[in-house]
Amino acid sequence: AGGYKLYDNLTSIYPDMIASAADFDMDRTPVPSTRERIRKILRSTTSGSTGEPLTFFIDKPQLEMRWATTLRNLGWAGYRFGDPNIRLWHETIGMSTLQIWREKLDASMARRSFFPAFRFNDRELERYIEAIRQEKPSLLDGYAESFNCIAEYISQKQYAGFEGLKAIVSSA
């Protein structure tokens with residue numbers, strides 16, 4: 001089974017236990033009570049950087065699965081956790097002081113530098129390009145529109161020298 005559970009420790013269902021629909025009998029399948037499920041639900045809110053913040057609810061297994069899936073996908077692109085990486089970011093839009101502190105701690109452990117995604121003038125662009133050259137990140141992560149601005153700037157200036165960069169991951 002490789003230790004992968006379908007639903008945290010609340011059930012004992014493993015992928016190798018289900019070979020067909022007949023193996024998944026809801027009458028025999030342990031399902032967590034509503035109280036157990038509610039206790040594990042967390043409130044999450046997006047930054048709202050693309051318009052309006054969105055609030056939604058998730059549980060810990062979903063967060064863990066999302067993190068594992070993200071690392072797996074980045075690994076396919078050549079990135080390994082702890083490789084230097086740079087994120088074009090919304091800065092602290094919509095974040096509480098605690099969220100900002102957690103984000104900075106996470107960035108420190110992940111060797112991640114941040115650059116503002118919405119401040120593009122020649123000075124900021126040069127600073128960003130210099131950081132890429134100096135830090136030699138294996139991953140750039142940020143908004144597609146921001147990467148477009150940077151790509152146009154790099155093209156106009158005919159810059160080169162981005163060795164070590166393995167992946168660019170864009171989001172909203």
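See the structure shown above.
Here is what the cut-offs are and how they apply
- Residues numbered from 1 in each chain as written.
- Predicted model: local features only at pLDDT ≥ 70, side-chain atom pairs only at ≥ 80, totals over all residues.
- Heavy atoms only, no water.
- Buried < 20%, exposed > 50% of the residue type's maximum accessible area, 1.4 Å probe, protein only.
- Helix = DSSP H or I, 4+ residues; strand = E, 2+ residues; numbered from the N terminus.
- Pairing = 2+ DSSP bridges.
- Right-handed = clockwise from strand over helix to strand, strands pointing away.
- Phe/Tyr/Trp six-rings, centres within 6.5 Å; stacked < 30°, edge-to-face > 60°.

Student: Residues and numbers for the pairing of strand 3 (residues 85–89), please.
Tutor: Within strand 3, 4 of the 5 residues are buried, leaving the element largely enclosed by the surrounding structure. As paired elements, strand 3 and strand 4 (residues 112–116) share 5 bridges and run parallel to each other. Residue pairing in the sheet places asparagine 85 in a bridge with arginine 112 of strand 4. At this point the chain moves from strand 3, through helix 3 (residues 97–109), to the parallel strand 4, and the crossover so formed is right-handed.

Student: Describe the packing of aromatic side chains, naming the residues involved and giving the relevant values.
Tutor: Using the criterion set out here, one finds 5 aromatic pairs in the structure. Aromatic side chains phenylalanine 115 and tyrosine 128 sit 5.2 Å apart centroid to centroid with 80° between the ring planes, which places their arrangement in the edge-to-face category. Here phenylalanine 115 is found in strand 4, whereas its partner tyrosine 128 is found in helix 4 (residues 122–135), with 13 residues between them in sequence. Judged by its relative accessible area of 2%, tyrosine 128 is buried. A centroid spacing of 5.5 Å and a plane angle of 20° characterise the contact between phenylalanine 118 and tyrosine 143, whose relative ring orientation is stacked. With phenylalanine 118 in the loop between strand 4 and helix 4 and tyrosine 143 in strand 5 (residues 139–143), this pair connects stretches of sequence that are 25 residues apart. A relative accessible area of 10% means that tyrosine 143 is categorised as buried.

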